[in-house]
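Working through the structure, step by step
What follows is each chain in one-letter form.
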Amino acid sequence: MDEAIKCYGSSDKIDNLKCKDSLFLCVIASTETSRIPGITGAGATPELTDYTPAADVELVILGNPICLPEIPKTVVNGGSAPTPAVITKAALDLSEIPFMVADAGAAIKPNVPYININAVPGGNIGTGRAILNSEEIFNKGFILGKTLSKLTDHLIIGESTPAGTTTALGVLTALGYDVDHKISGSTPVNPHDLKHKIVEDGLIASGYKPGELNDEPFKAIDSVGDPMIPAVAGIVMGGDISVTLAGGTQMTAVCAVIKAINPDYDFTDLSIATTIFVAEDESSDLIYLKRQIGDITVFAVDPYFEKSNTEGLINYTKGSVKEGVGAGGAMFAALLKGKSVDEIRARTEQLCREIF
């Protein structure tokens, strides 16, 4: 297991988490930001990104999307890579970890049971009016976190939010963090200039300067964020159990919001688990971001997709997709349960043959 997991922080947490029963929660949300051409690869077209979160969780639970006629994928230069939901499904199926869905504002609702935190999607952050009720979303997430902490002692939280790296960039910028060329993306060429321009436009429209909202996180989210961020922050702060944030640089925005709400927050029981494709992405810097926020351990799982016989999975090693739907955290959880990375990769390949 150790060879497949790279640790940035305290490796002692692994032994502690091995002893716990895990529950996986995927928080889904949409924003009009994802419809900006070139901003994300989380959908075959900008319009189809509205369907991606619902289709992702339908795939994990049902084995196929119901809301779309085809599986979500990233298409770049004529090649494609399957949604990371297939990795999440493979890992959770192998480890028999229960999977739940919470809607923080998905444009298309999934055809599976889900918890309603917030029904309304976010807007385009370039307008400076991303969402209207981030504090209310946080408070509902807080209630959910209290409830879930009575059901498990290790909560893994993933997300599916197209263009979520851009909204994370917005929140981190508003809170005053150094994020220039540090946020990851779902395509091999990260559109940093486009992302920064949209965030800049949003802050100007909202009347704030970068860093001016360092102690007003809800204003930052309302201006240039997305509904997933306050929902997950609330869930984390509402519980009193070990939490693994299953995601990449988007989850640093969640941690930054938590710190802004409570500057003395103790991150001892919180970790981030992602894929090696994010942790070693030369176009971003997850580790630099988390160090600015606090003593947060990051685990990065390498599924060795270069050994795969499936072209779409090999494309992950070339910079496509990288992370999403909690794929890194799901693999991390399966490894904690004693599954091998070879088993996870083989099961993912099998699902690709069956589904695609």
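That block above? That's the structure.
Residues numbered from 1 in each chain as written. Predicted model: local features only at pLDDT ≥ 70, side-chain atom pairs only at ≥ 80, totals over all residues. Heavy atoms only, no water.

Remarks on the overall build of the protein chain
Keep this limit in mind: Here a helix means four or more residues in a row that DSSP labels H or I, a strand means two or more in a row labelled E, and each is numbered from the N terminus. The buried label applies to any residue whose accessible area, calculated with a 1.4 Å probe on protein chains only, is under 20% of its type's maximum; exposed applies above 50%, and partly exposed to all values in between. The contact rule is simple, with two residues in contact once any of their heavy atoms fall within 4.5 Å. Counted as positive: Lys and Arg. Counted as negative: Asp and Glu, with His and the chain ends omitted from the count. To locate a charge, the coordinates of NZ of Lys, CZ of Arg, CG of Asp or CD of Glu are taken.
A count of helical and extended segments in the protein chain gives 14 helices and 10 strands. In terms of its C-alpha atoms, the protein chain occupies a principal-axis envelope of roughly 50 × 45 × 40 Å. Looking at the protein chain as a whole, 62% of its 356 residues are labelled buried. Nonlocal contacts in the protein chain, meaning residues at least 24 apart in sequence, comprise 80% of its contacts between residues at least 6 apart. One way to put it: in the protein chain the 28 positive side-chain charges average out to a point 1 Å from where the 45 negative ones average out.

Regarding the sheet that holds strand β1 (residues 5-8)
The cut-off we apply is this: Paired strands are those between which DSSP finds at least two bridges. Lines fitted to the C-alpha atoms define the axes, with helices restricted to the stretch that makes contact. Angles between their N-to-C directions range from 0 to 180 degrees.
The sheet built from eight strands is open, its strands ordered β1-β10-β9-β8-β7-β2-β5-β6 with mixed pairing. Taken across any chain shown, the strands that pair with only one partner, and hence form the sheet edges, are β1 and β6 (115-116). Across six bridges, the pairing between strand β2 (residues 22-29) and strand β5 (residues 99-105) is parallel. Its bridge partner lying in β5, L25 is registered against M100. Docked against the sheet, helix α2 (residues 52-62) engages β2, β5 and β7 (154-160), running at close to 170 degrees with respect to β5.

Considerations on the packing of helix α3 (residues 85-95) against helix α13 (residues 327-336)
Heads up, the rule is: Roughly parallel means an angle under 35 degrees; roughly antiparallel, over 145; roughly perpendicular, 65 to 115; everything else is oblique. Two helices cross in a left-handed way if the nearer one is turned anticlockwise from the farther one by less than a right angle. They cross in a right-handed way if the turn is clockwise.
Taken N-terminus to C-terminus, the directions of α3 and α13 make an angle of 20 degrees; their axes are 8 Å apart at the nearest point. Between α3 and α13, the interaxial angle falls into the category roughly parallel. Relative to α13, the crossing made by α3 is left-handed. Taken together, the residues of α13 that come into contact with α3 (itself represented by I87, T88, A91, L92 and S95) are A327, A330, M331 and A334.

Quick word on the layout of surface pockets
Test applied: Grid points spaced at 1 Å over the protein atoms alone were grouped into cavities, where a 1.4 Å probe fits but cannot get out, and pockets, open sets with protein on both sides within 12 Å along at least five of seven lines, with lining residues defined by an atom within 4 Å of a point. Grid points are joined across faces, edges and corners, and a volume is the space filled by probe spheres set on the points.
When its volume is computed, the largest pocket comes out at roughly 190 Å³. In terms of lining residues, the largest pocket is bounded by P188, I276, F277, E280, D281, E282, S283, Y316, T317, K318, G319 and K322.

Considerations on the environment of R291
With respect to the helices and strands, R291 occurs in helix α11 (residues 286-293). Along the primary structure R291 and T252 are separated by 39 residues, whereas in three dimensions their C-alpha atoms are 9.7 Å apart.

Thoughts on the side chain of E159
Using the following cut-off: Here, a salt bridge means any Lys or Arg side-chain nitrogen found within 4 Å of an Asp or Glu carboxyl oxygen. By the criterion applied in these results, polar contacts are pairs of N or O atoms within 3.5 Å in which, for protein atoms, one can donate a hydrogen and the other can accept it, and in which residues neighboring in sequence qualify only through two side-chain atoms.
Along the chain, E159 turns up in strand β7. An unpaired buried charge is present at E159: no salt bridge exists, and K195, the closest side chain of opposite charge, is 12 Å distant. Here T161 takes part through its backbone nitrogen, which lies 2.9 Å from a polar atom of the side chain of E159. Excluding its chain neighbours within four sequence positions, the residues that come into contact with E159 are C26, V27, M228, A246, Q250, M251, G324, V325 and G326.

Details of the pairing of β2
The buried fraction of β2 amounts to eight of the eight residues, a majority that puts the element mostly inside the structure. The side-chain alternation of β2 yields two buried faces, one formed by S22, F24, C26 and I28 and the other by L23, L25, V27 and A29. Two strands pair when backbone bridges link them, and β2 and β7 are joined in this way by seven bridges, in the parallel orientation. What sits directly across from V27, in β7, is E159.

Describing empty space enclosed by the protein
Cut-off, in case you're wondering: Just so you know the grouping, Ala, Val, Leu, Ile, Met, Phe, Trp, Tyr, Cys and Pro go in nonpolar, Asp, Glu, Lys and Arg go in charged, and all remaining residues, Gly too, go in polar.
Applying the stated criterion across every chain, the model contains one cavity of 30 Å³ or more. Lining the largest cavity are 32 residues; nearest its centre among them are A42, S186, V321, E323 and G324. Contributions of two or more residues to the lining of the largest cavity are made by α2, β3 (73-76), β7 and α5 (164-174). Within the lining of the largest cavity, the residues separate by chemical class into nine nonpolar, 17 polar and six charged.

Here's the deal with a nonpolar patch on the surface
Heads up, the condition is: Two joining distances apply to patches: 9 Å for like charges and 5 Å for nonpolar side chains (Val, Leu, Ile, Met, Phe, Trp, Tyr), and every residue must have over 30% relative accessible area and no salt bridge. Shrake-Rupley sampling with a 1.4 Å probe provides the accessible areas, and residues are treated as covered by the protein chains on show and by no other component.
Together, I61, L62 and I66 line one region of the surface with nonpolar side chains, adding up to about 260 Å² of accessible area. Here I66 lies in the loop between α2 and β3.

Here we look at the pattern of salt bridges
Throughout the structure, instances matching the rule amount to 11 salt bridges. The salt bridge partner of D15 is K18, with a shortest N-O separation of 3.9 Å. You can see D15 and its partner K18 sitting in helix α1 (residues 12-18), three residues apart, about one turn around the helix. The salt bridge partner of D93 is K89, with a shortest N-O separation of 3.2 Å. Placement of both D93 and K89 in helix α3 is noted, with a separation of four residues, approximately one turn of the helix. Salt bridges here are not isolated pairs; linked through shared partners, they connect K89, D93 and R347.

A look at the packing of α3 against helix α14 (residues 341-355)
At their nearest, the axes of α3 and α14 sit 9 Å apart, and the two run at 125 degrees to each other. Here α3 lies oblique to α14, going by the angle between them. Handedness of the crossing formed by α3 with α14: right-handed. Two secondary-structure elements touch here, α3 through V86, I87, K89, A90, A91, D93 and L94 and α14 through E343, I344, R347, T348, L351 and C352. Per-class residue counts for the contact of α3 with α14 are eight nonpolar, one polar and four charged.

A look at helix α7 (residues 217-224)
Where burial is concerned, most of α7 is hidden: six out of the eight residues are buried. Residues P217, F218, A220, I221, S223 and V224 constitute the buried set of α7. Lining the buried residues of α7 we find α4 (134-148), α5, α6 (192-206), α8 (228-238) and α9 (250-261).

Shape is all these values report; function is a separate question.
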